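# Per-entry structural report
Chain by chain, the residues:
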Amino acid sequence: RLYAADAALAVADEASALPEATGDARSFRDLILAKLTYAVGKDPIVARDHDWLRALSLALRDRIVDRWMATTRGVYRMGGKRVYYFSLEFLIGRLLKDGLNNMGLLGTAREALASVGVDLDVIAELEADAALGNGGLGRLAACFMESMATVGVPAYGYGIRYENGLFRQNIIDGWQTESPENWLAYGNPWEFPRREVAYEIGFGGAVEASEGWDGSAVHAWKPAETVLAVAHDTPVVGWRGLRVNTLRLWSARSPDPISLDAFNAGDHIGALTARTKAESISRVLYPADSTPAGQELRLRQEYFFTSASLQDLVRRHLKQHREIRTLAQKAAVQLNDTHPAIAVAELMRILIDIHAMSWADAFALTRDTISYTNHTLLPEALESWPVPLLERLLPRHMQIIYAINARVLTEARAAGATDAMIAAVSIIDEGHGRRVRMGNLAFVGSHKVNGVSALHSELMKETVFRDLNTVFPGRITNKTNGITPRRWLMTANPGLAGLLRETIGEGFLDDAEKLVALEPFARDPGFQERFAAVKHANKARLAKTIQQTLGLRVDPAALFDVQVKRMHEYKRQLLNILETIALYNAIRTHPEKDWVPRVKVFAGKAAASYTSAKYIIKLINDVAKMVNTDPAVRNLLKVAFLPNYNVSLAEVIIPAADLSEQISTAGMEASGTGNMKFALNGALTIGTLDGANVEMRDHVGADNIFIFGLTAAEVEARRAKGLNPRANIEADPALAEVLDAVGSGVFSPADPQRHRGTVDNLTNSDWFLVTDDFTSYSAMQRRIDALWGTPAAWREKAILNVARMGWFSSDRTIRDYSDEIWGLPTVKVG
Ligand code: B1H
């Protein structure tokens, strides 16, 4: 079984649709066997699937490392600028298939493993899903890392090596419960611990001021506590394996692993307290999405990784260039939201207190080095820290923030700012018990501040940063998000990628915008058939997953209508499930009608403390229970809530979708990136004019996307005038019927009051305008049913979506950042 005839290796691998650059299955098999023997320590005869996974991963890693060293050496020799992407989240998911694909080794690995009787797809499923992020913000960072390696931007990603990533979601009797996710349980073959790369991170203590040689004040921070940040490096390989960048994640270590005094005195637990406290910093990812945690540990995490990263890049800069003054020419620091915004004060501290730079020079250099991306306008999501907390934890930084603020306010006054403008521009929020606004700190310390979609960037100028935009005109710029087509098309949907290659050639693999070559095939009946067959196969695969996880049978011929994303009121999963109930009622009332069979797929995690979101999960599951077993709906409607949504599950769900739900209250979703993944995989979008949906409509054409509901301006106007959900409910009898049913316990007979709160909230306040948009949403769903009845028309639109989504490649986004923020060249791929 093990040493199959070499002839077997010569058999072309038909399963792989992708080009092979360096494929040599025989030598790769030998490498895998060597890893299995000498690194895993297993005889092939007894090796288990996990052993093979590790051996394969290490074999691939060897190949990647060769390119990594070459890239790193090349970058050093060029002496050019590097990008440092600071992010508290990197939602990277699994790395094996993506790495194989980018290295051109997917078919080779499949063949090599097959020759020893191992199925690549089986072992690939065993890889842990690295969920070091919550949702879109963290996944964006992961897509950016891959795109930077692809387009030749020398980059380091800096973040935290959380021991426990985002919690695992269990659905028990329809309720979400959380348990810890342990992605490191089987070790992590991709990372290289760098025990020698460690920095001291201080907390607390006091600032000592003395007089410098020229009479100026010199400040020295004497922290009361120190934690060590230890580097762990993961290579990030770009498309075609041409360049490899580094993801450097910091792990917290105590400088004193044990207090021997306490231990010897018999206090065995107390002997470890300091260590436990220090190491808790990199213990667990905060699971709040779009709402900051606000606890001290979170601030410690933020400062911990920001300080370590700045120390690291300053050390690298000085080692190579000797001169701190050239920092901004050689380093671009991108802050992924405000989570690392303390970088502004920390870099100032390093420049002034350690490198003795003048205030003015230091501030100019800081501003030239740093730029900041805003990801949300939700007022409750804007980070701010109580002044007393910052003063206690980071006393020197608090001084520096005050000093920055004083100068900014002087500048603003000189520019003619009114008192109200001064209050808005100030880094200190005096209105809520004195807090430090991290968005304002990031803004004033950056040369560019960007939003993540055209609409969002415009709203930034009108809302949170209106006055800062007046004082610093031109600083705000837009960089519409993107997604990497390697993971989200090639590896997640090899069937479609293969069909595209056969149809339009390989150009799109290097440049996603070449997908436009598909346009002439949109109406071609032969192509439509093949396109539909790929979609059907993907749906059959998802149907199998649904059957296995939920025991629910769904028909792959039905319309797969999918909403997967974090559970949040503004994303309006509630709108979707209420409309599902309306459809259910309608099917029961009019069984004679020609209904389109639909499968409603939901998945997503709610923050553990987000009660109303958890009730929405329960409602979806309550509805599923009733609908899925009601003989009256004759399989015309199924509802599936898939537990534990993560990157790996997304890779199964997205290629199988017919309809993509992007239905947030307009003005509230900064961009969305799931929307792009679905459309690229040939799903049609039902959505509001929110975030990047607006630009998707512009690209795919208004005829090829289903836009409904209020615009951002209309939402604002209604809120200003006062919402009137009761009038909305009265005006739509179907909605009234749905709310009656939910509120009176039709879907929760054992606990009729269960969803009363949800219904009362909608009836009395409805901040997210669910009742305002219900009628137009519902009407649009019926238009979608009608289109589904004409497969040729549906397919044409789906194909045009694929053809026109190339612009949403994160390669394009990264080129935009490089041109307009970082001042770096990029290379053409291929
Ligand atoms: C986004 C967050 C976020 N915006 C706070 N803001 C967090 C805020 O743990 N926290 O405290 C975590 C995450 N995430 C998302 O970013 C936007 O909602 C999406 O619309 C956008 O597509 C994504 C990437 O830009």
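All figures in this text were calculated on a predicted structure; none of them were measured in a lab. Counting restarts for each chain: residues are numbered from 1 in the order of the written sequence. The predicted nature of this model means local features are confined to residues of pLDDT at least 70 and side-chain atom pairs, given and counted, to a pLDDT of 80 or more, with totals for whole chains, interfaces and linings taken over all residues.

### Comments concerning the overall build of the chain
- From N to C terminus, the chain includes 35 helices and 24 strands.
- For the radius of gyration, the atoms used are the C-alpha atoms, and the globule rule reads 2.2 Å times the number of residues raised to 0.38. Here the C-alpha atoms of the chain give a radius of gyration of 27 Å, agreeing with the 28 Å that 2.2 N^0.38 yields for 830 residues.
- Exposure in this text rests on C-beta crowding, where 20 or more other C-beta atoms within 10 Å of a residue's own make it buried, 12 or fewer make it exposed, and counts in between make it partly exposed. The C-beta atoms are placed from the backbone. Across the 830 residues that make up the chain, the buried fraction comes to 51%.
- Long-range contacts, defined as pairs at least 24 residues apart, comprise 76% of the intrachain contacts of the chain with a sequence gap of at least 6. The helix and strand labels rest on DSSP assignments: H or I over at least four residues marks a helix, E over at least two residues marks a strand, and numbering proceeds from the N terminus. Our contact criterion uses C-beta atoms placed from the backbone: two residues qualify when those atoms are within 7 Å.

### Quick notes on the sheet that holds strand 12 (residues 331-336)
- Within the open sheet, the nine strands sit side by side as 7-10-11-4-1-12-13-17-18. Their pairing is mixed. The sheet is open, and its two edges are formed by strand 7 (192-203) and strand 18 (476-478), each paired on a single side. Taking the axes of each pair of neighbouring strands and ignoring which way they run, one obtains an average angle of 25 degrees across the sheet.
- Relative to strand 10 (residues 225-237), strand 7 runs antiparallel, the two being bridged by nine bridges. We call two strands paired when DSSP finds no fewer than two bridges between them. Helix axes are fitted to C-alpha atoms over the stretch in contact, other axes to C-alpha atoms as well, and angles between N-to-C directions run from 0 to 180 degrees.

### Digging into the environment of alanine 497
- Note that alanine 497 resides in helix 21 (residues 494-504).
- According to the C-beta neighbour criterion, alanine 497 is buried, with 22 such atoms within 10 Å.
- A sequence separation of twelve residues divides alanine 497 from leucine 509, and the C-alpha atoms of the two residues are 8.8 Å apart.

### A look at the pairing of strand 10
- Inspection of the sheet shows strand 10 paired to strand 11 (residues 244-253) by ten bridges, in the antiparallel sense. Its bridge partner lying in strand 11, aspartate 233 is registered against arginine 248.
- As consecutive antiparallel partners, strand 10 and strand 11 are separated by six residues, and within that stretch arginine 240 has a phi angle of approximately 65 degrees, a positive value.

### Digging into unusual backbone geometry
- The phi angle at arginine 240 is positive, at roughly 65 degrees, despite the residue not being glycine.
- Mapped onto the elements of the fold, arginine 240 is located in the loop between strand 10 and strand 11.
- Taking the number of C-beta atoms within 10 Å as the measure of exposure, arginine 240 has 20 and is therefore buried.
- Look at arginine 434: it is not a glycine, yet its phi comes out positive at around 55 degrees.
- Mapping arginine 434 onto the fold places it in the loop between strand 15 (428-429) and strand 16 (435-437).

### Here we look at the site of the ligand
- Gly136, Leu137, His375, Thr376 and Ser671 are the nearest of the 21 residues found near the ligand.
- An automatic or database domain assignment is the source of the domain bounds shown. Domain assignment of the residues forming the shell around the ligand places at least three in each of domain 1 (72-481 + 815-822) and domain 2 (485-808). Only the C-beta atom matters for this test: placed from the backbone, it must lie within 6 Å of a molecule or strand for the residue to be near it.

### Observations concerning the packing of helix 12 (residues 343-354) against helix 13 (residues 359-369)
- At their nearest, the axes of helix 12 and helix 13 sit 9 Å apart, and the two run at 135 degrees to each other. On the basis of the axis angle, helix 12 is oblique to helix 13. Crossing handedness for the pair helix 12 and helix 13: right-handed. Residues Val344, Leu347, Met348, Leu351 and Ile352 of helix 12 form the contact with helix 13, whose own contacting residues are Trp359, Ala362, Phe363, Leu365, Thr366 and Thr369.
- Charged means Asp, Glu, Lys or Arg here, nonpolar means Ala, Val, Leu, Ile, Met, Phe, Trp, Tyr, Cys or Pro, and polar covers whatever is left, Gly included. Class assignment of the residues belonging to the contact of helix 12 with helix 13 gives a composition of nine nonpolar, two polar and no charged. Convention used here: angles under 35 degrees read as roughly parallel, angles over 145 as roughly antiparallel, angles from 65 to 115 as roughly perpendicular, and any remaining angle as oblique. Each crossing is labelled by how the near helix is turned from the far one, with a counterclockwise turn of less than a right angle marking it left-handed and a clockwise turn marking it right-handed.

### Here we look at the domain arrangement of the chain
- On domain assignment, one finds that the chain holds domain 1 (72-481 + 815-822) and domain 2 (485-808).
- The centre of domain 1, based on its C-alpha atoms, is set 33 Å off from the matching centre of domain 2.
- Looking at the side of domain 1 that touches domain 2, the elements that each hand over two or more residues are strand 2 (90-93), helix 4 (96-102), helix 7 (136-151), strand 5 (168-172), strand 6 (175-179) and helix 18 (454-462).
- Each residue belonging to the side of domain 1 that touches domain 2 can be placed in one class, and the counts come to 16 nonpolar, 19 polar and nine charged.

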